[in-house]
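Residue-level structural notes
Each chain, letter by letter, is given below.
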Amino acid sequence: MISIKNPIQLAKMRSAGHLLYDVLMAAREVIRPGITTMDINAFVEEHIRKGGGIPTELGYCGYPASICASIDDEVVHGIPSKDVALKEGSIISIDVTLALDGWQADSCFTAPVGRISAEKQKLIQVTEECFWRGARQAVNGNRIGDISYAVQSFAEANGYGVVKDLTGHGIGKDMHEDPAVPNFGAPGHGPRIRPGMTFCVEPMIAMGTWKVHQLSDGWTMVTNDHAPAAHYEHTLAITPKGLPELLTLPGFNWKEQEE
Ligand code: MF3
Ligand code: CO
Ligand code: CO
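Our subject in this report is the structure included herewith. (Residues numbered from 1 in each chain as written. Chains lettered and ligands numbered in written order. Predicted model: local features only at pLDDT ≥ 70, side-chain atom pairs only at ≥ 80, totals over all residues. Heavy atoms only, no water.)

Another aspect to go through is the overall build of the protein. The helix and strand tally for the protein stands at five helices and 15 strands. Relative to its length of 259 residues, the protein is compact, with a C-alpha radius of gyration of 17 Å against a globular reference of 18 Å. Referenced to the eigenvectors of the C-alpha coordinate spread, the extents of the protein come out at roughly 45 × 45 × 35 Å. Residues counted as buried form 53% of the 259 residues belonging to the protein. The contacts in the protein between residues at least 6 apart in sequence include a share of 70% that link residues at least 24 apart. For the protein, the exposed area adds up to about 11,000 Å²; of that, 53% sits on carbon and sulfur atoms. (Helix = DSSP H or I, 4+ residues; strand = E, 2+ residues; numbered from the N terminus. Rg over C-alpha atoms; globule rule 2.2 N^0.38 Å. Buried < 20%, exposed > 50% of the residue type's maximum accessible area, 1.4 Å probe, protein only. Contact = heavy atoms within 4.5 Å. Areas by Shrake-Rupley, 256 points an atom, 1.4 Å probe, with all protein chains shown as cover.)

So this is what it looks like as structure tokens:
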């Protein structure tokens, strides 16, 4: 069942989203060669708690940390470790979900560690553009499949693989709610997008094959060909006007984006 949020609930989700934005902006600043993924986890968790939030990935289905930190061929759900120090030339995806006053926000970015290859830079840029093309379809009256199609077609036009094992999702009091928001599919299909819907658009894009497998830790998803992958995610709300508000990107304005 897709839950429709009222304006009071949307305001609470906005507060959660804005806290998560602050947290992820701060996390970007600490990414550098030598820092461990466990250090980043500790930094993020402290920032969330200082802001009055709860790191909801911690303990989710037994997940042991407050962030997912996925490096290079790791697509998602990389578990932070004190034994993993970032290396110059890598890319790292930091995916964080938090709750504030009982309402969730979920966002992810992929960032370079020091200097990276032009190929990896392009992968990050195309993954972000996949998000924007999808998010632009998130308007009253469209279907979820319009988002899916926009993401998939841009990724594949660039020769990349769309990871199909995981999807975006509704979000609210729970981290994962209906509907699923796949990164692949046909336009004109799926649930109709309506004001009050809140969901995450999160392309997971691989430079090579889209096929992935899970490591023996029970979480980390890795590309089968070990080519790098990128991930970019925001939590969106469909406003009373029928337009997508980016809850995890405060101050964002669609007009400026078109220019
Ligand atoms: N943030 C993830 C998502 O985008 C979910 C994290 S899985 C967890 O849906 F186990 F780390 F919580
Ligand atoms: Co996420
Ligand atoms: Co998500």
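There's plenty left to go through after this.
Below, the discussion takes up the site of ligand 1. Taken together, 14 residues sit near ligand 1, with E57, T97, D106, H176 and E202 positioned nearest. D106 places a side-chain nitrogen or oxygen 2.9 Å from an oxygen atom of ligand 1. Side-chain polar atom of E202 to an oxygen atom of ligand 1: 3.0 Å apart, as the coordinates give it. Contact with the protein chains covers 96% of the free accessible surface of ligand 1, which is 340 Å². The cavity where ligand 1 resides is the largest pocket. Each residue belonging to the shell around ligand 1 can be placed in one class, and the counts come to five nonpolar, four polar and five charged. (Near = heavy atom within 4 Å. Polar contact = N/O pair within 3.5 Å; in protein donor to acceptor, adjacent residues only side chain to side chain. 1 Å grid on protein atoms, 1.4 Å probe; cavity = no way out; pocket = protein on both sides within 12 Å on 5 of 7 lines; lining within 4 Å. Sits in = over half its atoms within 2 Å of the grid points. Nonpolar A, V, L, I, M, F, W, Y, C, P; charged D, E, K, R; others polar.)

Time to look at the coordination of the cobalt ion (ligand 2). Only D95 (OD), D95 (OD), D106 (OD) and E233 (OE) from the protein coordinate the cobalt ion (ligand 2), and they sit 2.0 to 2.6 Å from it. All donors of the cobalt ion (ligand 2) belong to a single chain; written as a sequence motif, their spacing is D-x10-D-x126-E. Between the cobalt ion (ligand 2) and the cobalt ion (ligand 3), a separation of 3.3 Å is found, and both are coordinated by D106. Remark: D106 occurs in strand 5 (residues 103–112) and D95 occurs in strand 4 (residues 91–100); sequence separation between them is eleven residues. Classification of D95 by relative accessible area gives buried; the value is 9%. (Donors = N, O, S within 2.8 Å, 3.2 Å for Na, K, Ca; no water.)

The next thing to look at is the coordination of the cobalt ion (ligand 3). Coordination of the cobalt ion (ligand 3) by the protein involves D106 (OD), H169 (NE2), E202 (OE) and E233 (OE), with metal-donor separations of 2.0 to 2.2 Å. Angles of 50 to 172° at the metal separate the six donor atoms of the cobalt ion (ligand 3), which places the site in the irregular class. Mapping the donors of the cobalt ion (ligand 3) onto the primary sequence yields the spacing D-x62-H-x32-E-x30-E. With a relative accessible area of 5%, E202 lands in the buried category. (Tetrahedral: all angles 85-135°; square planar, octahedral: opposite > 155°, others 65-115°.)

The next thing to look at is the side chain of T127. Tracing the chain through its elements places T127 in helix 3 (residues 118–135). Since its relative accessible area comes to 1%, T127 is described here as buried.

Taken together, five strands build an open sheet; the order of strands is 8-7-9-14-15 and the sheet is antiparallel. Strands with a single pairing partner mark the edges of an open sheet, and in this sheet they are strand 8 (177–181) and strand 15 (244–246). Averaged over neighbouring strand pairs, the angle between their axes works out to 25° when direction is ignored. Two elements, strand 7 (residues 168–170) and strand 8, share three bridges in a ladder whose sense is antiparallel. Following the sheet pairing, G170 is matched in strand 8 by E177. (Pairing = 2+ DSSP bridges. Axes fitted to C-alpha atoms, helices over the stretch in contact; angles between N-to-C directions.)

Look at helix 3 against helix 4 (residues 144–157): their axes get within 8 Å of each other, and the N-to-C directions meet at 150°. Our classification of the angle between helix 3 and helix 4 gives roughly antiparallel. Here helix 3 and helix 4 pass one another in a crossing that is right-handed. For the pair formed by helix 3 and helix 4, the contact residues are V126, E129, C130, R133 and G134 on the first element and I147, A150, V151, F154 and A155 on the second. Of the residues that constitute the contact of helix 3 with helix 4, the class distribution is seven nonpolar, one polar and two charged. (Parallel < 35°, antiparallel > 145°, perpendicular 65-115°, else oblique. Left-handed = near helix turned anticlockwise from the far one by under 90°.)

What follows deals with the pairing of strand 4. Where burial is concerned, most of strand 4 is hidden: ten out of the ten residues are buried. By the alternation rule, side chains of strand 4 split into I91, S93, D95, T97 and A99 and I92, I94, V96, L98 and L100, which are all buried. Pairing analysis gives four bridges linking strand 2 (residues 68–71) to strand 4, with the strands arranged antiparallel. When the bridges of strand 4 are listed, S70 appears paired with S93. Bridge analysis of strand 4 against strand 5 gives ten bridges, and the strand direction is antiparallel. By the bridge assignment for strand 5, D95 is matched with C108.

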